[in-house]
Each structure stands twice: as C-alpha cells, then as structure tokens.
Amino acid sequence: MRSRVRPNDFSSAGAFELHRPLIKSLERRGLLRAGLSLGALTLLTGCDVKRPEAVEAALLAISRMNDGVQALLFDPNHLAPTYPEAMILRPPKFNAYYDVMDVKPVDGSTWRLELAGLIAEKRPWTLPDLQAMPQRSMVIRHVCVEGWDYIGGWTGVPLRSFLERVGADLSAKYVAFKTADDYPSSIDMATALHPQTLLALQYGGDTLADPFGYPVRLRMATKLGYKNPKWVTAIEVTNTYPGGYWEKLGFPWFGGI
Amino acid sequence: MRPRFAVTTACLALLFGQAAQAQSPTPGGMPPPPGMSLAQSNAMRFPQPIRVGQLLGRVVLQPVESQTVLGHIRGVVRDNQGQVLVVMNFGGFLGFGSRLIAVPLDAMVLLGEATEVAAFTPQQLRRFAAFTPSGTTPVPAETVVKVGLAKPSH
C-alpha cells in the first residue's frame, strides 16, 4: 500500500541533501532512545544521572513506592489460584543463590525453631511440635522473579495458626525469618496471616527433601519465589524493618504476585 | 508526541517494573571435577526419585546461560553392564537431521521440568555413536530412577 505521507513527486534530487540536517534530527530511533534512557529518570527525580549512586537511590525509592502500592492492593481474603494434585511437578525445581552441591542438610532430630520479638511464648519448637499442629495442603504456582514457574503441592502449618498459638502480636508490621543457609527474609503481617501462607513440612505428600528446605520452609501463594526461605531456623515478629538477602541487593521487598 | 510517549513508557516501566535479575550468579549444571565418576558426581547432587515415564519428552538443555536446546528425551534403556542410559535426539537443524544418542543417566541433572547434560559438552556429544537398541533393554515407564539436581543455568 502506498504511504499516505509519501509525496506524489519529488521536487528535485537535491531536496534530500538540502534538508539532511533536519531529517537527521528527526530520527525516530534516536528520539525513542533518548526517551527511554535515564533522561526520563532525570525528569522524574531531578537527580544527576552521571552519579550511579543517585540513580540507584532513585530506583530504590521507586521500588519502595511499589512495595507500598502492593501492600495497599493486597487483599488478605483473596485466594491465589490452586490446581489439581495431578499437576504437581515431582520433584520440584531447585533454586538458590548457590549450587545444589553446596546444600547443607539439616538434622531434623536436633533442629529447633527459635522465636524472638513480639511473641509471648518464646520456647523453641521441635519438629514433632510442628507436626502435631493442624496441617493444611495447597497446590499452587511457584513464580520466580527470573521468569520461570511450576505447580507445587505443599502441606504444613498455616503461619497464622502458629503465630496465634505462640501469642504473637498480630498487629506488628513484620515477620522475619532466619535460615540454616544464611538467607534472611521477611514479610508483611497481612501476608503472614493469609490462609495460603504455610510453614511447609511436606511436598507432594512426602516429607520435604533436603534440597527443598527440610525440615521447614515458608511457602506463600501470594509472593514471588525468592520470598520463600528454606531451612527456617528462627522467626521474629517485629516493627523494625528486617530486610532480606535479595532485598539488600535491590530486589523489591514486598515481592507480591 | 513521540518523546512524550517514550518518557511516559519509561516512567511506567520504572513504576511497575520488577527486578528481573537472575537469582543464580553461576551456572548450575557444572561438569564433575576431574577424576570424579559420574555416579559420584550425581550422588553430590541430591538425586531425587522420578518415574521413567515422567522423563520422556522432556527437553535437554546445555548448562549455559543461553540454555541452548540440545534435544528431547526419547527413551530410557539399560545396557549390558546395568548402566541406565537416556536416549535423546541430538544434532540436526530445526528438528531435521537429528540422530539418537544414549547418555548415561548420571550425566544428566533435573531443573524442574527441564533436564541438562551436565557431564558432556555438545562437542563431546557429537562424538557419541548413534544409538542402536541392540544390547539394551528399555526401562519400563513405571520404574523409579534417581536423577541429580542443579539450579537453573541462566
């Protein structure tokens, strides 16, 4: 089809040469490049894009704003999609900030779950203690920030039940986790109390395997994969922002799906 | 209008974009160290049980960031020495001209639904003989085998 903006006739062969500077200044890709560059960030923040720390601070401020918006939008009663048991991927996908050969298995018989912060009963919990609590199962999608996902089936103690049982201050802001692989993490209290947030003890009906967090890991249907620490060893309820392993490296803290 | 559109796009990307950095700074399916047998290497990768029938059809990747597709699993057999081998199509172009080769199961790793050949490079796989069923017996689909794990290579 003939272009509607194409002239019917060219006035002269020299016209292009005459207007070459103007044409060059109108290069579309150049405009897009400029628009999509950090120039946009400068307009937004007034920062000096030549200083990387200023750019980083601006991006982190936007990320924190994202966290706030996600927390506002979070509906504590809205359930994430669930799936039939037949869709459970066995075994699940391993991922960590190190290779699987560096996994250090945890001895379930000596494992203790330490409690700290705004919790009334801070006695450490054993694995049989947790196994004796009412369990819940859910088949949910694990979504990684890297872009992959899989369907997994998890069984464990609803974190809400656990927090209620130990007398945690449910009006506190954060629930923080420490793990055996030095992967600290933390979540908002609203998500901690969500019905699809578990202290998972089983996968696909079997005891959690070593590389997937035995004896206890956190599993949430409402947050990205990196917010689900494995090999949990301590839980703290606090009003002081605890951060997390990837959050210190710039990942968003809320990490909602 | 175009610069304004571009700036708006950039703003939206900054506002709603999530960090999408890789969580894995190093590739997962690294080859075994020199002198280590495939079985020893596999044992270090927390081998997990999986039914043979669930392996069939799975994609086989090269353990590199680009996750190059090497082929797909077409069968699992046991040779005369009792070694379990994964039969996969390999080579060719756009699905044409590939041939079947048999790779030791202990050379493979699982990454969720995908698999990787951790112990051999594509150059080494090119030198593998074309698979012939003689001297091997198919492993039934219900048989449970154990396959090591690796983190994603991207």
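Up top you'll find the structure we're talking about.
Within every chain, residues take consecutive numbers counted from 1 along the sequence as written. The order in which chains are written sets their letters, starting at A; the order in which ligands are written sets their numbers, starting at 1. Reporting of local features is limited, given that this is a predicted model, to residues whose pLDDT is at least 70; pairs of side-chain atoms are given and counted only at 80 or more, and all residues count toward the totals for whole chains, interfaces and linings. Excluding hydrogens and water, the side-chain figures rest on all heavy atoms present in the structure.

Caption draft 1: Region of interest: the overall build of chain A. Scanning chain A from terminus to terminus reveals eight helices and nine strands. Note on exposure labels: buried denotes an accessible area under 20% of the residue type's maximum, exposed denotes more than 50%, and partly exposed covers the range between, all computed with a 1.4 Å probe on protein chains only. By the burial criterion, 47% of the 257 residues in chain A qualify as buried. By sequence separation, contacts in chain A at least 24 residues apart represent 67% of the contacts at least 6 residues apart. Accessible areas in this description were obtained via Shrake-Rupley with a 1.4 Å probe; residue shielding takes into account the shown protein chains only. Here chain A has roughly 13400 Å² of accessible surface; of this, 56% comes from carbon and sulfur atoms. Secondary structure counts use DSSP, requiring at least four H or I residues in a row for a helix and at least two E residues in a row for a strand, with both numbered from the N terminus. Contacts are assigned to residue pairs with any non-hydrogen atoms lying within 4.5 Å of each other.

Caption draft 2: Quick peek at the sheet that holds strand 1 (residues 114–117) of chain A. All names here are of chain A. The strand order across the open sheet formed by four strands is 1-9-4-5, and the pairing between neighbours is mixed. The outermost strands of the open sheet, each flanked by one partner alone, are strand 1 and strand 5 (185–188). With direction set aside, neighbouring strand axes in the sheet form an average angle of 20°. Here a strand pair is declared whenever DSSP counts at least two bridges between the two strands. The pairing of strand 1 with strand 9 (residues 232–238) spans four bridges and is parallel. Bridge pairing links Gly-117 to Val-237 in strand 9. Think of each axis as a best-fit line through the C-alpha atoms, taken over the contacting stretch in the case of a helix, with angles from 0 to 180 degrees between the N-to-C directions.

Caption draft 3: Region of interest: the nonpolar core. The term nonpolar core refers to a set of buried residues drawn from Ala, Val, Leu, Ile, Met, Phe, Trp, Tyr and Cys, joined through side-chain atoms within 4.5 Å. Counting residues in each nonpolar core, the largest one holds 86 residues, and the members touching the most others are Leu-130, Leu-159, Phe-162, Leu-163, Leu-199 and Ile-235 of chain A. Apart from residues lying up to four places away in sequence, Phe-162 of chain A is in contact with Leu-113, Leu-115, Trp-125, Leu-130, Met-133, Val-157, Leu-199 and Ile-235 of chain A. If you look at the next biggest cluster of nonpolar residues, it comprises five residues, including Val-77, Val-87, Ala-102 and Phe-131 of chain B.

Caption draft 4: Representation of the packing of aromatic side chains in the model. All names here are of chain A. Planes of paired rings set the category: under 30 degrees apart is stacked, over 60 is edge-to-face and the rest tilted, where pairs are Phe, Tyr or Trp rings (Trp by its six-membered ring) whose centres lie within 6.5 Å. What the rule picks out here adds up to 16 aromatic pairs over all chains. Taking 6.4 Å as the distance between ring centres and 15° as the angle between the ring planes, the aromatic pair formed by Trp-148 and Tyr-150 counts as stacked. For the pair formed by Trp-148 and Tyr-150, the shared burial category is buried. Centre to centre, the rings of Tyr-226 and Phe-251 are 4.9 Å apart; their planes meet at 85°, and the pair counts as edge-to-face. On the criterion of sequence distance, the pair formed by Tyr-226 in the loop between strand 8 (217–220) and strand 9 and Phe-251 in the segment after strand 9 is long-range, its members being 25 residues apart. We classify Tyr-226 as buried; its relative accessible area is 2%. Through pairs of rings, three or more aromatic residues link up here, namely Tyr-97, Tyr-98, Tyr-183, Tyr-226, Tyr-245, Trp-246 and Phe-251. By definition here, charges over rings are those cases where NZ of Lys or CZ of Arg is within 6 Å of the ring centre and within 35 degrees of the ring normal. Geometry around Trp-125 places Arg-123 over its ring, the cationic atom sitting 4.9 Å from the centre.

Caption draft 5: Local environment of the side chain of His-194 of chain A. All names here are of chain A. Secondary-structure assignment places His-194 in the loop between helix 8 (189–192) and strand 6 (197–203). When its relative accessible area of 1% is taken as the criterion, His-194 is described as buried. Here the side chain of His-194 touches His-78 through a polar contact of 2.7 Å, landing on its backbone oxygen. For His-194, the contacting residues outside a window of four places in its chain are Phe-74, Asp-75, Pro-76, His-78, Leu-79 and Thr-222. For the purposes of these results, a polar contact is taken to be a pair of N or O atoms within 3.5 Å, where, inside protein, one atom must be able to donate a hydrogen and its partner to accept one; residues adjacent in sequence count only when each atom of the pair is a side-chain atom.

Caption draft 6: How the structure looks around helix 5 (residues 52–73) of chain A. Take the residue count of a helix, subtract one, and multiply by 1.5 Å to get its expected span. Over its 22 residues, helix 5 of chain A runs 31 Å from end to end, which matches the ideal 32 Å to within 8%, given 1.5 Å per residue. Listed in full, the buried residues belonging to helix 5 of chain A are Ala-54, Val-55, Ala-58, Ile-62, Ser-63, Asn-66, Asp-67 and Gln-70 of chain A.

Caption draft 7: Structural detail: the environment of Thr-82 of chain A. All names here are of chain A. Along the chain, Thr-82 falls in the loop between helix 5 and strand 1. For the pair Thr-82 and Gln-196, spaced 114 residues apart in sequence, the C-alpha to C-alpha distance is 9.9 Å. When near neighbours in sequence (up to four residues on either side) are disregarded, Thr-82 contacts Val-139, Ile-140 and Gln-196.

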